[in-house]
Amino acid sequence: ILSYLGTNNHGISQRSNDGVFRILSCSFVSPVKRISLIYQALQLITNYEVEWTHIGGGEGLKELKSLTINSRNNIKVRLSRGGLDCTVKKVIEEK
């Protein structure tokens with residue numbers, strides 16, 4: 001049995017007109033995934049607004065939430081326990 005992970009190729013997304021850098025990640029939150037590194041990298045961005053949405057629960061979600069509480073003013077973080085394809089599509093279609 002062969003099972004591919006990932007998504008279909010939907011092409012390159014369009015740049016937002018409002019100047020906000022948006023990133024969407026979808027993964028089970030566990031230490032081996034090192035999702036916190038995304039947040040740490042975003043902390044280095046100081047010259048524009050950033051919105052990071054992460055979809056996926058797991059044993060490390062509580063720790064990730066506590067890490068992101070003190071985000072800088074230019075960074076907005078949304079963490080969701082969801083993970084179904086319909087949830088991802090909904091988030092993408094919101095903006």
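A.B. asks: Even after reading the chapter, I still don't get the nonpolar core, so can you show me in this structure?
C.D. replies: Here is a general trend for soluble globular proteins: nonpolar side chains tend to be buried in one another's company. The biggest cluster of nonpolar side chains holds 10 residues, and these are Val29, Ile35, Tyr39, Leu42, Ile45, Val50, Trp52, Leu61, Leu64 and Ile75. Elements that contribute at least two residues to this core include exactly α1 (36–42), β2 (50–55) and α2 (61–68). Look past the residues within four positions of Ile75 in its chain and what remains in contact with it is Leu42, Gln43 and Val50.

A.B. asks: What am I meant to see in the sheet that holds β2 here?
C.D. replies: By way of backbone hydrogen bonds, the strands of a sheet pair with one another, either parallel or antiparallel. Spatially, β1-β2-β3 is the arrangement adopted by the three strands of the open sheet, whose pairing is parallel. The sheet is open, and its two borders are formed by β1 (21–26) and β3 (75–80), each paired with just one other strand. Ignoring which end each strand starts from, the neighbouring axes of this sheet average 10 degrees apart. By the bridge criterion, six bridges tie β1 to β2 in an arrangement that is parallel. Each bridged residue has a counterpart across the sheet, and for Arg22 the counterpart in β2 is Glu51.

A.B. asks: What is the right way to read the layout of surface pockets from this model?
C.D. replies: Here the idea is plain: a probe the size of a water molecule rolls over the atoms and shows the empty space left. Of the voids in this model, the second largest pocket is the one considered here, and its volume is about 220 Å³. Top contributing element to the lining of the second largest pocket by residue count: α2, with three residues. Partitioned by chemical class, the residues of the lining of the second largest pocket number five nonpolar, three polar and three charged.

A.B. asks: Sorry, what's going on with the pattern of salt bridges here?
C.D. replies: Oppositely charged side chains may form a pair once their charged atoms are brought near each other. Per the counting criterion, the structure on display carries two salt bridges. We note a salt bridge from Arg22 to Asp18, for which the minimum N-O separation is 2.7 Å. We classify Asp18 as partly exposed; its relative accessible area is 41%. Two residues, Glu51 and Arg22, come together in a salt bridge whose shortest N-O distance is 3.2 Å. Of this pair, Glu51 sits in strand β2 while Arg22 sits in strand β1, and the two are 29 residues apart along the sequence. According to the relative accessible area criterion, Glu51 is partly exposed, its value standing at 26%. Its relative accessible area of 26% is what places Arg22 among the partly exposed residues. If you follow the salt bridges from partner to partner, you end up with Asp18, Arg22 and Glu51 in one network.

A.B. asks: What should I look at first to understand unusual backbone geometry in this one?
C.D. replies: Not every positive phi belongs to a glycine, and Arg34 is a case in point at roughly 55 degrees. Relative to the helices and strands, Arg34 resides in the loop between β1 and α1.

Cut-offs used in this document
Residues numbered from 1 in each chain as written. Predicted model: local features only at pLDDT ≥ 70, side-chain atom pairs only at ≥ 80, totals over all residues. Heavy atoms only, no water. Core = buried A, V, L, I, M, F, W, Y, C linked by side-chain atoms within 4.5 Å. Buried < 20%, exposed > 50% of the residue type's maximum accessible area, 1.4 Å probe, protein only. Helix = DSSP H or I, 4+ residues; strand = E, 2+ residues; numbered from the N terminus. Contact = heavy atoms within 4.5 Å. Pairing = 2+ DSSP bridges. Axes fitted to C-alpha atoms, helices over the stretch in contact; angles between N-to-C directions. 1 Å grid on protein atoms, 1.4 Å probe; cavity = no way out; pocket = protein on both sides within 12 Å on 5 of 7 lines; lining within 4 Å. Points joined across faces, edges and corners; volume = space filled by probe spheres on them. Nonpolar A, V, L, I, M, F, W, Y, C, P; charged D, E, K, R; others polar. Salt bridge = Lys/Arg side-chain N within 4 Å of Asp/Glu carboxyl O.

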